Amino acid sequence: MSFDHAFKLTNTLTRTKDVFVPEDRTNVRMYVCGPTVYDYAHIGNARPVVVFDTLFRLLRHLYGAEHVTYVRNITDVDDKINARAAAEGVSIGELTERTAAQYHADMRALGALDPTIEPRATEHIAEMKAMIEQLVAKGHAYVAEGHVLFDVGSMADYGKLSGRSLEDMQAGARVEVAPYKKDPMDFVLWKPSKEGEPGWPGPCGIEEPGRPGWHIECSAMARRHLGETFDIHGGGADLVFPHHENEVAQSRCSHGTEVMARYWLHNGFLQVEGEKMSKSLGNFITVHDLLETEKLGGRVWPGAAIRLALLMTHYRQPLDFTEKSLSEAEGLLQKWDALLASMPADKADTKVPDALVEALCDDLNTPRAIAVLHGLAREARGGDTQAKAALAASLDFLGVDLTGIRAAAEEVTARAADPELAARVDGLIAERNAARAAKNWGEADRIRDLLAAEGVVLKDARNADTGTVETTWELAR
Ligand SMILES: [Zn+2]
């Protein structure tokens with residue numbers, strides 16, 4: 001494999017674009033923080049899934065699918081879960097099972113491959129307790145009033161990942177600090193559970209039932225499934241501090257290693273229609289809304305269009321998710337699908353073009369990769385069948401599945417050929433013509449709008465020979 005020299009990723013830890021060299025090229029290891037399962041994933045949650053799925057696909061291509069391990073956890077113990085289950089009057093298990101199943105369905109619809117391993121927090125309590133006890137034994141954590149806290153002062157370079165100094169953080173800390181904390185920045189590894197909340201016997205001889213803090217989950221699950229150190233850790237930029245900083249602190253201090261992961265990748269924020277997404281603004285959009293309800297633009301959207309819209313912006317940049325960007329992505333896919341509809345069946349052995357792989361090896365430059373697709377489509381339109389096959393292979397590589405786009409196109413074709421529809425539309429066009437002749441514009445517009453609502457688009461054009469306006473129709477795709 002000769003890609004190492006050209007494969008670069010922007011590393012939050014070093015703040016530079018670093019050449020990626022895996023610790024062990026027969027087992028390239030990546031961890032990405034997964035969902036807390038209490039509600040539908042929103043479109044902002046989907047961004048890292050699609051970004052790191054694209055990276056997962058690239059790693060599999062470069063090192064071989066059997067040489068890549070991708071771990072994405074499920075957080076199934078959390079205060080938000082407890083609150084939601086109580087509010088809905090369902091058991092915690094029922095809520096987390098249902099939400100995890102919905103998450104899987106939504107992410108698969110976006111073309112995301114399942115991770116290699118998807119560990120659940122509640123199945124790794126023993127590992128978390130062992131790590132907490134190790135931290136206490138090494139003097140990096142202490143027990144206080146049923147809690148176990150990480151002692152940030154015990155780690156010389158705490159704050160390195162996020163580029164914060166402990167002094168600055170202490171100065172900015174809230175005035176009201178829990179009395180059992182030695183330092184306001186000390187964070188929870190284990191805390192007591194209240195009556196009715198999920199709880200387990202604690203580490204360090206704590207008998208009262210308690211539960212782990214969020215950060216320790218990821219450290220313990222990464223350790224169990226990827227080892228003390230691994231290659232890539234990913235997540236949204238909002239996780240750098242405190243979550244990832246604290247993961248680093250726990251893992252390095254318990255294992256005595258210089259690093260946790262050697263490459264830290266963070267995707268930028270996502271906005272909707274130029275605004276921060278929030279329930280109060282009414283612009284809170286879930287993946288389920290886009291796929292199944294008609295919340296955005298009064299219609300549902302194909303998963304492939306959502307995926308492409310997310311990949312049109314480089315992962316490190318802020319992304320403005322808009323109805324226009326979704327339409328653009330869908331329009332592109334429709335054009336490419338129409339080109340590929342006449343694809344010869346022998347494309348299966350077509351190789352992914354080097355230009356596409358090179359674009360992704362340049363810090364996962366998906367806008368550049370999409371430009372490669374545009375180039376291939378241009379050549380394909382010019383009659384180059386090899387380019388057509390390469391376009392199909394590239395879409396496949398990027399996880400853009402045209403099945404839904406193709407099905408919609410076929411449905412439109414079948415509907416357009418329906419003689420009953422044609423007769424009805426022709427009848428309505430005749431009525432509209434009569435209304436226009438009588439200068440009854442209101443009625444003419446009503447008929448046009450009625451048909452538009454059914455996806456029938458009328459086109460008026462003056463016949464150059466006869467001078468009369470003739471109306472034709474087609475179905476909107
Ligand atoms: Zn995490």
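Worth saying up front: this structure is predicted, and the values here are computed from it rather than measured. (Residues numbered from 1 in each chain as written. Predicted model: local features only at pLDDT ≥ 70, side-chain atom pairs only at ≥ 80, totals over all residues. Heavy atoms only, no water.)

1. Looking at the pairing of strand β3 (residues 28–32)
- Counted residue by residue, β3 has five buried out of five residues, so it is predominantly covered.
- Here β3 shows no split at all, with Val-28, Met-30 and Val-32 on one side and Arg-29 and Tyr-31 on the other all buried.
- Where β3 lies against strand β4 (residues 68–72), five bridges are found, and the strand directions are parallel. Paired with Arg-29 across the two strands is Thr-69, which belongs to β4.
- Handedness of the crossover is the feature at issue here: the chain leaves β3, passes through helix α1 (residues 43–63), returns alongside β4, and the resulting connection is right-handed.
- Inspection of the sheet shows β3 paired to strand β10 (residues 230–236) by three bridges, in the parallel sense. The residue bridging Val-32 from the neighbouring strand is Gly-234, located in β10. (Buried < 20%, exposed > 50% of the residue type's maximum accessible area, 1.4 Å probe, protein only. Helix = DSSP H or I, 4+ residues; strand = E, 2+ residues; numbered from the N terminus. Pairing = 2+ DSSP bridges. Right-handed = clockwise from strand over helix to strand, strands pointing away.)

2. Topic: helix α9 (residues 303–311)
- Counting buried residues along α9, nine of its nine residues qualify, which places the element largely inside the surrounding structure.
- Taken together, the buried positions of α9 are Gly-303, Ala-304, Ala-305, Ile-306, Arg-307, Leu-308, Ala-309, Leu-310 and Leu-311.

3. So, the pairing of strand β11 (residues 261–267)
- By the criterion of burial, β11 is predominantly enclosed, with six of the seven residues buried.
- Bridge count for β10 against β11 is six bridges, and the pairing is parallel. Following the sheet pairing, Ile-232 is matched in β11 by Tyr-263.
- The parallel pair β10 and β11, bridged by helix α7 (residues 240–255), forms a crossover whose chirality is right-handed.

4. Details of the packing of helix α10 (residues 323–340) against helix α12 (residues 366–381)
- Running from N to C, α10 and α12 point in directions that differ by 40 degrees, and their axes come no closer than 11 Å. Here α10 is positioned oblique relative to α12, judged by the angle of their axes. At the point where α10 passes α12, the crossing takes the left-handed sense. Here Leu-332, Trp-336 and Leu-339 of α10 lie close against α12, whose contacting residues are Ile-370, Leu-373, His-374, Ala-377, Ala-380 and Arg-381.
- Partitioning the contact of α10 with α12 into residue classes produces seven nonpolar, one polar and one charged. (Axes fitted to C-alpha atoms, helices over the stretch in contact; angles between N-to-C directions. Parallel < 35°, antiparallel > 145°, perpendicular 65-115°, else oblique. Left-handed = near helix turned anticlockwise from the far one by under 90°. Contact = heavy atoms within 4.5 Å. Nonpolar A, V, L, I, M, F, W, Y, C, P; charged D, E, K, R; others polar.)

5. A closer look at the sheet that holds β11
- As summarised here, the arrangement of the four strands in space is β4-β3-β10-β11, forming an open sheet in which the pairing is parallel. Strands at the two margins of the open sheet, each flanked by one partner only, are β4 and β11. The sheet shows a mean angle of 20 degrees between the axes of neighbouring strands, direction not considered.
- Against the sheet, helix α6 (residues 214–226) makes contact with β3, β4 and β10, and its axis sits at roughly 160 degrees relative to β3, the strand it touches most.

6. As for the environment of Ala-173
- Looking at the secondary structure, you find Ala-173 in the loop between α5 (166–171) and β7 (187–192).
- On the accessibility criterion, Ala-173 (23% relative accessible area) is partly exposed.
- Considering only alpha carbons, one finds Ala-173 and Met-185, 12 residues apart in sequence, at a separation of 7.3 Å.

7. What about the packing of aromatic side chains?
- Overall, the coordinates contain seven aromatic pairs when judged by the stated rule.
- The structure contains a cluster of three or more aromatic residues connected by ring pairs, namely Phe-7, Phe-20, Tyr-63 and Tyr-263.
- The ring centre of Phe-56 lies 5.0 Å from the NZ or CZ of Arg-60, which sits over that ring. (Phe/Tyr/Trp six-rings, centres within 6.5 Å; stacked < 30°, edge-to-face > 60°. Lys NZ or Arg CZ within 6 Å of the ring centre and 35° of its normal.)

8. A short note on empty space enclosed by the protein
- On inspection of all chains with the given rule, the structure shows three cavities of 30 Å³ or more.
- A volume near 80 Å³ is recorded for the largest cavity.
- Lining of the largest cavity is provided by 15 residues; of these, Leu-13, Lys-160, Val-248, Arg-252 and Glu-258 occupy positions nearest its centre.
- For the lining of the largest cavity, the secondary-structure elements that each account for two or more residues are α7 and β11.
- Here the lining of the largest cavity takes three residues from α7, the largest share from any one element.
- Of the residues that constitute the lining of the largest cavity, the class distribution is nine nonpolar, one polar and five charged. (1 Å grid on protein atoms, 1.4 Å probe; cavity = no way out; pocket = protein on both sides within 12 Å on 5 of 7 lines; lining within 4 Å. Points joined across faces, edges and corners; volume = space filled by probe spheres on them.)

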